[in-house]
Every structure is written in structure tokens, then in C-alpha cells.
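A structural walkthrough
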Amino acid sequence: AQRVTQPEKLLSVFKGAPVELKCNYSYSGSPELFWYVQYSRQRLQLLLRHISRESIKGFTADLNKGETSFHLKKPFAQEEDSAMYYCALSGGSYIPTFGRGTSLIVHP
Amino acid sequence: NAGVTQTPKFRVLKTGQSMTLLCAQDMNHEYMYWYRQDPGMGLRLIHYSVGEGTTAKGEVPDGYNVSRLKKQNFLLGLESAAPSQTSVYFCASSSISSGDEQFFGPGTRLTVL
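Now for a look at the structure at hand. In this text, all values refer to a predicted model and were calculated from it rather than measured experimentally. (Residues numbered from 1 in each chain as written. Chains lettered and ligands numbered in written order. Predicted model: local features only at pLDDT ≥ 70, side-chain atom pairs only at ≥ 80, totals over all residues. Heavy atoms only, no water.)

1. Comments concerning the overall build of chain B
When you go through chain B residue by residue, the secondary structure sums to 0 helices and 11 strands. Ordered by position in the sequence, the α and β elements of chain B form the string β-β-β-β-β-β-β-β-β-β-β. Considered along the principal axes of its C-alpha atoms, chain B spans approximately 40 × 30 × 25 Å. Here chain B holds 113 residues, and the buried ones make up 50% of them. Partitioning the intrachain contacts of chain B with sequence separation of at least 6 by distance along the chain shows that 55% fall at a separation of at least 24. As displayed, chain B offers around 5100 Å² of accessible surface, 54% of which is attributable to carbon and sulfur atoms. Here chain B contributes 10 positively and 9 negatively charged side chains, and the mean placements of these two sets differ by 10 Å. (Helix = DSSP H or I, 4+ residues; strand = E, 2+ residues; numbered from the N terminus. Buried < 20%, exposed > 50% of the residue type's maximum accessible area, 1.4 Å probe, protein only. Contact = heavy atoms within 4.5 Å. Areas by Shrake-Rupley, 256 points an atom, 1.4 Å probe, with all protein chains shown as cover. Lys, Arg positive; Asp, Glu negative; His and termini not counted. Charge placed at Lys NZ, Arg CZ, Asp CG, Glu CD.)

Pasting the structure below:
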């Protein structure tokens, strides 16, 4: 069975502070991992995926197979980063598993 | 392209009433999904479909039925609504070519009184 754990329901930081949203997974095979973002009252949209190894809006995420983690990081948070963030895992079956989400609030 | 659309955007039902939520996608995606989003519970998969004419249960299927008669449409039905079904419902689609990326609709906010 595949599982995604986001241990923080809420993360509150000040503008300019570093941000790390944690994601741990459980999966026996080779996972595909994603971060989705949902801004206030908008639809979820893909932020980044581990295979692309991109930096999107200043966010990066590295897959650590040893620690089974895929934490999302940004060195300097901006107010517009305030949103709900979901980590998701796909095991190749096209039936993804989402974490429960972390609400990020960036204070001015 | 409109992407993934959902109708209606909002709905208020009384307990015991029925309704159907419609999801449509114009990306020719094979896979379609229905999720519910509740505070503190994140996204939970209700039902999904891997192709026209096929559906399967997700994590929280009780109280819901689905149909996928056409590739582009995925319907979610509530036969007898209950207050516990008050939620925001999201439809999503994906395809082999999109590499497991899910494309979401704007959501339907349902309140059951």
C-alpha cells in the first residue's frame, strides 16, 4: 500500500523566512512524487514533480529515497506563497495518493 | 481548451435529496477521478475511471455512484444526500501522456442541510 504523510497541518512564517513543507511517503517500488498547490478558492494545480528537478516560483523539492521524503523548500517566503500544499505519490497505477495537506501562511 | 470543467459550482440540498455533479474534460484524457476535500482530511478519492465505460471505488465511495458513458464526461451521483456529504468536490483527469499529472476542475461546493 502507498501512503503519504504531511505531518504539519499548518505552517506559519514571516515574509523572507525559509520554508520547508515536509512530505514522507511509503511505497515499495519507484515512486513518482508531486507537489500540488491550491491558492484561496482556486483549483489545485501542479507545482512541481520530482522527475523534472525544476525550481518553480522559487520552490524546490528533492526526492530522498533513503529517508523516503520529498520535502518542499523555499529559501525566502513571499506573501503570495500562502496557500494549501499537497504532496502526492503515484506508483504507476494512475491512482494517486494525496497527503492531507499543509496550509502555509506567510505573514507580512 | 477549457481543460476540466465542473457543474454546478454551488449547490444546497436537503437531506434525502439527490443530485448529479458533472465533470467534463476536453484533453482526451483516459483517466478521471472524483475527490472530496474536507478541512483536516485533505483530498480523498471517491471513485475513479480508467476509461470509458469503466469505474472503480476509491477510498470513500459509500453514498456515491458514478458513470462514465463518454470518455470526456464523468458523473458523480448522490442518491440520498446526507449532511456528512457536505464538502467541496473536485474532479480531475490525467493521461499516460501527462505522466500522472492530475488536472483539476474548479470544484463544486455542496451543502447538505
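2. Some details on the interface of chain A and chain B
Counting from both sides, the interface comprises 20 residues of chain A and, opposite them, 24 residues of chain B. With both sides pooled, the region where chain A packs onto chain B buries about 1900 Å², and carbon together with sulfur makes up 53% of that total. Of all residues in chain A, Arg-43, Tyr-94 and Arg-100 of chain A give up the largest surface area on contact with chain B, accounting jointly for 35% of the area buried on that side. Run the count over chain A and chain B and you get 1 salt bridge. Here Arg-49 of chain A and Glu-101 of chain B are joined by a salt bridge, their closest N and O atoms 3.9 Å apart. Across the chain A-chain B interface, the total number found is 6 residue pairs in polar contact (both at pLDDT 80 or more). Elements with a minimum of two residues in the side of chain A that touches chain B: strand E5 (32-38), strand E6 (45-49) and strand E9 (83-90) of chain A. Of the residues forming the side of chain A that touches chain B, the biggest block, 4 residues, is contributed by E5 of chain A. Looking at the side of chain A that touches chain B residue by residue, the class counts come to 9 nonpolar, 5 polar and 6 charged. (Buried area = accessible area lost by both parts, 1.4 Å probe. Salt bridge = Lys/Arg side-chain N within 4 Å of Asp/Glu carboxyl O. Polar contact = N/O pair within 3.5 Å; in protein donor to acceptor, adjacent residues only side chain to side chain. Nonpolar A, V, L, I, M, F, W, Y, C, P; charged D, E, K, R; others polar.)

3. Some points on the packing of aromatic side chains
If you walk through the whole model with that rule in mind, you get 11 aromatic pairs over all chains. With a centroid separation of 6.1 Å and 75° between ring planes, the pair formed by Phe-98 of chain A and Phe-104 of chain B is classed as edge-to-face. Residue Phe-98 of chain A is located in strand E10 (residues 97-98), and its partner Phe-104 of chain B is located in strand E10 (residues 103-104); the two belong to separate chains. With respect to burial, Phe-98 of chain A and Phe-104 of chain B carry one shared label: buried. Taken together, the ring pairs in this structure connect Phe-34, Tyr-36, Tyr-86 and Phe-98 of chain A together with Tyr-33, Tyr-35, Phe-90 and Phe-104 of chain B into an aromatic cluster. (Phe/Tyr/Trp six-rings, centres within 6.5 Å; stacked < 30°, edge-to-face > 60°.)

4. Examining the state of the cysteines
Residues and elements named next belong to chain A. Applying the stated criterion to the full structure yields 2 disulfides over all chains. One disulfide in the model links Cys-23 with Cys-87; its S-S distance is 2.0 Å. Taking the torsion about the sulfur-sulfur bond, which here is approximately -65°, the covalent link between Cys-23 and Cys-87 counts as left-handed. Taken as a pair, Cys-23 in the loop between strand E3 (19-21) and strand E4 (24-26) and Cys-87 in strand E9 lie far apart in primary sequence, 64 residues in all. (Disulfide = S-S within 2.5 Å.)

5. Examining the pairing of strand E7 (residues 64-67) of chain B
Residue and element names in this part refer to chain B. Across the two faces of E7 the burial differs, with Tyr-64 and Val-66 buried and Asn-65 and Ser-67 not buried at all. One ladder, built from 4 bridges, connects E7 with strand E8 (residues 73-78); its direction is antiparallel. Bridging from a neighbouring strand, Ser-67 pairs with Leu-75 of E8. (Pairing = 2+ DSSP bridges.)

6. Quick word on the layout of surface pockets
Empty space within the largest pocket amounts to approximately 780 Å³. Along the wall of the largest pocket there are 32 residues; nearest its centre are Gln-38 and Arg-41 of chain A together with Gln-37, Val-88 and Arg-109 of chain B. Of all the elements in the fold, those that place two or more residues in the lining of the largest pocket are strand E1 (3-5), E9 and strand E11 (102-107) of chain A together with strand E4 (31-38), strand E9 (87-94) and strand E11 (108-112) of chain B. Class assignment for the residues of the lining of the largest pocket results in 12 nonpolar, 14 polar and 6 charged. Its volume calculated, the second largest pocket comes out at about 280 Å³. Lining the second largest pocket are 16 residues, and of these Thr-97 and Phe-98 of chain A together with Leu-43, Arg-44 and Glu-59 of chain B sit closest to its centre. At the level of secondary structure, the elements contributing two or more residues to the lining of the second largest pocket comprise E1 and E10 of chain A together with strand E5 (42-51) of chain B. With 4 residues, the single largest contributor to the lining of the second largest pocket is E5 of chain B. Residue composition of the lining of the second largest pocket, by class: 9 nonpolar, 3 polar and 4 charged. (1 Å grid on protein atoms, 1.4 Å probe; cavity = no way out; pocket = protein on both sides within 12 Å on 5 of 7 lines; lining within 4 Å. Points joined across faces, edges and corners; volume = space filled by probe spheres on them.)

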